[in-house]
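Chain by chain, the residues run as shown.
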Amino acid sequence: MLQHIRHAAIMQRVRLAGATSVRDLAAQLGVSPSTIRRDLEVLNRDGTLTRVRGGALANLDADGDRPFATVASVDEEDKDAVARRAADLVDDGDVVLLDIGTTTVRLARRLAGRRVTVVTSSLAVLDALRGDPEVELLLLGGMVRRAYHSLVGVLTEQALRQVCADHVFLSASGVRPDGQVTDSTLAEVPLKRAMMAAGEQVVLLVDRQKFPGTGALRVCGPEELDVVVTNQGADPATLDALAAAGTTVLAAGGQTRRAAGKEQA
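Notes on the structure in this doc start here. (Residues numbered from 1 in each chain as written. Predicted model: local features only at pLDDT ≥ 70, side-chain atom pairs only at ≥ 80, totals over all residues. Heavy atoms only, no water.)

Once that is clear, we can look at the overall build of the protein. Looking only at helices and strands, the protein has 10 helices and 15 strands in total. Here the protein holds 265 residues, and 50% of them are scored as buried. A separation of at least 24 residues holds for 55% of the contacts in the protein among residues at least 6 apart in sequence. Carbon and sulfur atoms form 48% of the exposed surface of the protein, whose accessible area is close to 12,200 Å². (Helix = DSSP H or I, 4+ residues; strand = E, 2+ residues; numbered from the N terminus. Buried < 20%, exposed > 50% of the residue type's maximum accessible area, 1.4 Å probe, protein only. Contact = heavy atoms within 4.5 Å. Areas by Shrake-Rupley, 256 points an atom, 1.4 Å probe, with all protein chains shown as cover.)

Another point: the sheet that holds strand β1 (residues 19-21). Strand order in the open sheet formed by 3 strands is β1-β3-β2, with antiparallel pairing between adjacent strands. A strand with exactly one partner marks an edge of an open sheet, and here the two such strands are β1 and β2 (49-52). Going across the sheet, the axis of each strand differs from the next one's by a mean of 20 degrees, ignoring polarity. Bridge count for β1 against strand β3 (residues 55-58) is 3 bridges, and the pairing is antiparallel. Residue Ser21 lies in a different strand from β3, and its bridge partner there is Gly55. (Pairing = 2+ DSSP bridges. Axes fitted to C-alpha atoms, helices over the stretch in contact; angles between N-to-C directions.)

Turn by turn, an α-helix covers 3.6 residues, leaving residues three or four places apart pointing in a common direction. Considered for burial, the residues of helix α2 (residues 22-29) that qualify are Val22, Leu25, Ala26 and Leu29. Down the axis of α2, the smallest arc covering the buried residues is 100 degrees, so these residues share one side. Opposite the packed face of α2, turned more than 90 degrees from it, sit the exposed residues Arg23 and Ala27. The positive-phi residue at the C-terminal boundary of α2 is Gly30, with phi of around 70 degrees. (Arc of directions from axis to C-beta.)

It is worth spelling out the sheet that holds strand β13 (residues 217-220) at this point. A sheet is described by the order of its strands in space; here 3 strands give the open sequence β10-β11-β13, paired in antiparallel fashion. Both outer strands of the open sheet, β10 (174-175) and β13, are each paired with one neighbouring strand and no more. Sheet topology places strand β11 (residues 181-183) next to β13; 3 bridges connect them, and they run antiparallel. Bridge assignment links Asp183 to a residue of β13, and that residue is Leu217. Where helix α9 (residues 189-197) meets the sheet, its contacts fall on β11 and β13, and the angle it forms with β13 comes to roughly 10 degrees.

Written as structure tokens, this is what we have:
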């Protein structure tokens with residue numbers, strides 16, 4: 001395979017997945033890992049992608065190929081099921097911190113009309129709740145990431161240091177078989193970690209497609225989560241690993257896996 005054709009194939013796979021490994025690329029393209037490593041170094045120097053240990057990431061604006069509206073229209077029923085179950089965790093009067101993401105927007109819509117405070121860096125959440133007189137809405141500052149309707153950067157991180165939330169609802173690109181939570185966008189990972197530090201209860205919203213999902217960047221380990229909300233069809237072995245690490249797993253329409261040491265429902 002000619003180099004320029006191989007580079008185009010690499011970029012197509014990285015943009016589709018958000019992140020990928022040297023091993024996977026080598027297998028998919030039928031070349032050696034050393035060839036892929038050299039290709040990634042070239043593409044990294046060109047600014048086409050970001051080289052990381054073991055693989056590569058799509059650049060910050062690479063998700064422009066899959067804008068927010070496109071992602072939001074995928075697996076809508078699964079995302080609705082997760083949002084509906086997550087809304088049950090919120091009591092009137094609570095302060096709720098919502099991550100960016102298409103499932104958190106669906107959760108925001110289910111909080112409409114309730115006496116809660118919603119803090120977010122998601123412009124899509126702002127759009128969903130801006131006209132609701134019952135919801136107290138606090139928008140974090142930052143740099144606008146237009147393709148994904150969100151705010152990111154150091155200003156967002158600094159604002160999060162002033163927040164004390166009852167619940168943090170996180171999104172993610174994937175959950176690995178050992179329960180590690182991953183993401184594929186470099187700018188989002190420090191924000192997710194800052195959100196976790198700002199909340200009393202950390203809740204991960206992930207539909208069944210996120211097992212294992214994508215993402216080469218580690219957000220957190222399973223022991224750092226209080227609750228995972230998913231839906232039927234999520235990988236049972238991964239859910240068991242989460243429960244064993246002390247996380248309560250709530251599956252919409254399915255079995256609840258209690259944290260290790262607690263009786264299962």
